[in-house]
2 protein chains.
Amino acid sequence: MARKPGSNGEETAALVREAALELFAQQGYAAASMRQLAKLVDMRPSALYHYWPTKQDLLVDLLERHMTALLQAWAERAVELSNDPIERLDAFSRFHIRYHLARPNEVFLSYMELRNLEPQNFARIEAHRRHYESVLKDILIEGARIGAMQAPEPHVSAMAIIAMLTGVNTWYRDGGRLSASDVEQLYAEMAAAVVRVGRQNKTEAA
Amino acid sequence: MARKPGSNGEETAALVREAALELFAQQGYAAASMRQLAKLVDMRPSALYHYWPTKQDLLVDLLERHMTALLQAWAERAVELSNDPIERLDAFSRFHIRYHLARPNEVFLSYMELRNLEPQNFARIEAHRRHYESVLKDILIEGARIGAMQAPEPHVSAMAIIAMLTGVNTWYRDGGRLSASDVEQLYAEMAAAVVRVGRQNKTEAA
DNA sequence: ACGATAATGAAACGAACGTTCAATAAGCGC
DNA sequence: GCGCTTATTGAACGTTCGTTTCATTATCGT
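Remember, it's a predicted structure, so these values are computed and weren't measured experimentally. (Residues numbered from 1 in each chain as written. Chains lettered and ligands numbered in written order. Predicted model: local features only at pLDDT ≥ 70, side-chain atom pairs only at ≥ 80, totals over all residues. Heavy atoms only, no water.)

1. Here we look at the packing of aromatic side chains
- Tallied over the entire structure, the rule returns 14 aromatic pairs over all chains.
- Between A:Trp74 and A:Phe92 the ring centres are 5.3 Å apart and the planes differ by 75°, which places this aromatic pair in the edge-to-face class. With A:Trp74 in helix 4 (residues 55-78) and A:Phe92 in helix 5 (residues 85-101), this residue pair connects regions lying 18 residues apart in the sequence.
- Through successive ring pairs, a cluster of aromatic residues spans A:Trp74, A:Phe92, A:Phe95, A:Tyr99 and A:Tyr132.
- In this structure, A:Arg103 is placed above the aromatic ring of A:Tyr99, and the distance from its NZ or CZ to the ring centre is 3.6 Å.
- In this structure, B:Lys55 packs its charged tip against the face of B:Tyr29, placed 4.5 Å from the ring centre. (Phe/Tyr/Trp six-rings, centres within 6.5 Å; stacked < 30°, edge-to-face > 60°. Helix = DSSP H or I, 4+ residues; strand = E, 2+ residues; numbered from the N terminus. Lys NZ or Arg CZ within 6 Å of the ring centre and 35° of its normal.)

In structure tokens:
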């Protein structure tokens, strides 16, 4: 009952995070136990509490890291772009598909386990998500403003496009007929089509 | 310790199903307990086992009923429609939005709790879902065949549209600025736009 | 009226859960 | 190589879980 040779706090924490992502995504946060997680990383359950005070703190850590990294990654991509909303939407779609396809476990957790969070933790993660949604929404608003896009309800369009893009994770599997970049291309076209000008608007026509 | 006055098997089972939908949707299947559920319907936990052999059988019952009812409802709607794929897609979108907005708990469960099912149960529910997806997919294939729609990958388009439509449940709340029929109209337009002919196809152009 | 059976309650089972804590070994600056 | 910090263990706590057993009562067909 003692410290392991060669042990290092940050490395161990990273290993546990990786295993927890996998375990929580596969079984669900509530159904997964700290004992299972400990076994996956060859530790005793009590050792986990050296890193996170509670099971929920571990979940929050995972979600917070994912959302922060997502926003950070987009911020880095966005600086390379012009102000053209069409270009920005295309870049956003491709970025979203690429980023989410590469991190299925994080995405699954972020969309499924929010209800398991205590109110204050929920609020923190939800704020990140709203921030990300507003990135797309602002692109659509600007596109509609200059007449390059048709989005009578930008918020609804943004939610619809994000749901459409995120849905790729429910069916795409590596090694299938379509490559990840095929899929990226297809979704970028569909997202653009959703707000393409020229389609009828029955609401206005009525 | 006896039978309650006025008790009737089918009525009680229906009450329990309703409460279970609510409870499972709010807390998640794994996090919800049979004791909580029993308390909600003013029964003792053991009485629940008169209706379902296990907790999982109850979940399967809920999911099976939802999927069966969904397919049945579409079948009844579909007989009223012509063979025009454009009309059928519009009807499908509106049907999907209306049906899903009216049953948020069922939808949430169906999309979130599949992983908690044992393999054989998972297979049964998943078969229903694939059937429903193929309804939309067949519409898109026919639309592409007669040149009324642009869907180079009908399966991908179908998955994208379904994800887009289903996403409405993540943000829509009764009593907001937009009515359910406003939302139905918006989503029907966006779904149509996804496969509208005339948009560029960079894959072919390259 | 009565026997069969559907429906329920009371109590308990073993197992698993999240978490705590004192003890102890390894790493590290000096 | 001493001493402080960090990482880990083993054992246990109280709670809750899904489920079972069995006695008991209400209802229904006859």
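So much for the structure itself; the text now carries on.
2. Some words on the interface of chain B and chain A
- The partner chain A presents 41 residues to the 41 residues of chain B that form the contact.
- At the boundary of chain B with chain A, the tally comes to 4 salt bridges.
- Across the pair B:Arg177 and A:Glu153 runs a salt bridge whose closest N-O atoms are separated by 2.7 Å.
- On inspection of chain B and its partner chain A, the count reaches 4 residue pairs in polar contact (both at pLDDT 80 or more).
- Of all the secondary-structure elements, those providing two or more residues to the side of chain B that touches chain A are helix 1 (9-27), helix 5 (85-102), helix 6 (104-112), helix 8 (154-166), helix 9 (180-194) and helix 10 (202-205) of chain B.
- The dominant element in the side of chain B that touches chain A, judged by the number of residues it contributes, is helix 9 of chain B, at 7 residues.
- A per-class count over the side of chain B that touches chain A returns 20 nonpolar, 11 polar and 10 charged. (Contact = heavy atoms within 4.5 Å. Salt bridge = Lys/Arg side-chain N within 4 Å of Asp/Glu carboxyl O. Polar contact = N/O pair within 3.5 Å; in protein donor to acceptor, adjacent residues only side chain to side chain. Nonpolar A, V, L, I, M, F, W, Y, C, P; charged D, E, K, R; others polar.)

3. What about the relation of the copies chain B and chain A?
- With an RMSD of 0.1 Å, the operation that places chain B on chain A is a rotation of 180° combined with a shift of 0.1 Å along the axis. The transformation just described matches what one would write down for a two-fold rotation axis. Residue B:Met164, judged by its C-alpha, is the member of chain B lying nearest the rotation axis, at 2.1 Å.
- Comparing contact sets, 100% of the residues at the interface of chain B also lie at the interface in chain A, consistent with an isologous, same-surface contact. (Least-squares fit on C-alpha atoms with pLDDT ≥ 70 in both.)

4. Looking at the nonpolar core
- Membership of the largest hydrophobic core comes to 128 residues, with the highest contact counts inside it found for A:Met164, A:Tyr187, B:Met164 and B:Tyr187.
- With near-sequence residues (within four places) excluded, A:Tyr187 lies in contact with A:Ile97, A:Met164, A:Leu165, A:Val168, A:Trp171, B:Val156 and B:Ala160. (Core = buried A, V, L, I, M, F, W, Y, C linked by side-chain atoms within 4.5 Å. Buried < 20%, exposed > 50% of the residue type's maximum accessible area, 1.4 Å probe, protein only.)

5. Considering the domain arrangement of chain A
Residues and elements named next belong to chain A.
- Domain annotation for chain A reports domain 1 (1-53) and domain 2 (55-205).
- Domain 1 and domain 2 are separated by 30 Å when their C-alpha centres are compared.
- Listed as interface residues are 14 residues of domain 1 and, on the opposing side, 14 residues of domain 2.
- If you sort the residues of domain 1 by the area they bury against domain 2, Arg-17, Leu-21 and Tyr-29 come out on top, with a joint share of 44%.
- Taken together, domain 1 and domain 2 are joined by 1 salt bridge.
- The partner of Asp-61 in a salt bridge is Arg-17, with the nearest N and O atoms 3.1 Å apart.
- Put simply, domain 1 and domain 2 have 7 residue pairs in polar contact (both at pLDDT 80 or more) between them.
- Elements that contribute at least two residues to the side of domain 1 that touches domain 2 include exactly helix 1 (9-27) and helix 2 (34-40).
- Split into classes, the residues belonging to the side of domain 1 that touches domain 2 amount to 11 nonpolar, 1 polar and 2 charged. (Domains from an automatic or database assignment. Buried area = accessible area lost by both parts, 1.4 Å probe.)

6. As for the environment of B:Glu189
- Structurally, the position occupied by B:Glu189 is in helix 9.
- Counting along the chain gives 96 residues from B:Glu189 to B:Ser93, while the straight-line C-alpha distance between them is 8.8 Å.

7. Some points on the side chain of A:Ser110
All names here are of chain A.
- Mapped onto the fold, Ser-110 is located in helix 6 (residues 104-112).
- For Ser-110, a relative accessible area of 4% puts it in the buried group.
- In contact with Ser-110, not counting residues within four places along its chain, are Leu-63, His-66, Met-67 and Arg-129.

8. Things to note about the pattern of salt bridges
- In the structure shown here, the tally under the stated rule is 22 salt bridges over all chains.
- Note that A:Asp61 is salt-bridged to A:Arg65, the shortest N-O span being 2.9 Å. With A:Asp61 and A:Arg65 both in helix 4 and 4 residues apart, this pair spans about one turn of that helix.
- One salt bridge in this structure joins A:Glu113 and B:Arg115, with 3.2 Å as the shortest N-O distance. Linking A:Glu113 in the loop between helix 6 and helix 7 (119-145) with B:Arg115 in the loop between helix 6 and helix 7 (119-145), this pair reaches from one chain into another.
- When salt bridges that share partners are traced, they join A:Asp90, A:Arg94, A:Arg98 and A:Glu184 into one network.

9. A closer look at the packing of helix 4 of chain A against helix 6 of chain A
All names here are of chain A.
- Where helix 4 meets helix 6, the closest approach of the two axes is 10 Å, and the angle between their N-to-C directions is 110°. It follows from the interaxial angle that helix 4 and helix 6 lie roughly perpendicular. As helix 4 packs across helix 6, the resulting crossing turns out to be left-handed. Counted together, Leu-59, Leu-62, Leu-63, His-66 and Met-67 of helix 4 and Glu-106, Val-107, Leu-109 and Ser-110 of helix 6 form the full contact between these two elements.
- Taken together, the residues of the contact of helix 4 with helix 6 break down into 6 nonpolar, 2 polar and 1 charged. (Axes fitted to C-alpha atoms, helices over the stretch in contact; angles between N-to-C directions. Parallel < 35°, antiparallel > 145°, perpendicular 65-115°, else oblique. Left-handed = near helix turned anticlockwise from the far one by under 90°.)

10. What about helix 8 of chain B?
- With 13 residues, helix 8 of chain B should reach 18 Å at 1.5 Å per residue; the first-to-last C-alpha distance of 18 Å fits that figure.
- Among the 13 residues of helix 8 of chain B, 12 are classified as buried, and the element is accordingly described as predominantly covered.
- All of the buried residues in helix 8 of chain B are B:Pro154, B:Val156, B:Ser157, B:Ala158, B:Met159, B:Ala160, B:Ile161, B:Ile162, B:Ala163, B:Met164, B:Leu165 and B:Thr166.
- Summarising the contacts, the buried residues of helix 8 of chain B are in contact with helix 8 (154-166) and helix 9 (180-194) of chain A together with helix 5, helix 6, helix 7 and helix 9 of chain B. (Expected span 1.5 Å × (residues − 1).)

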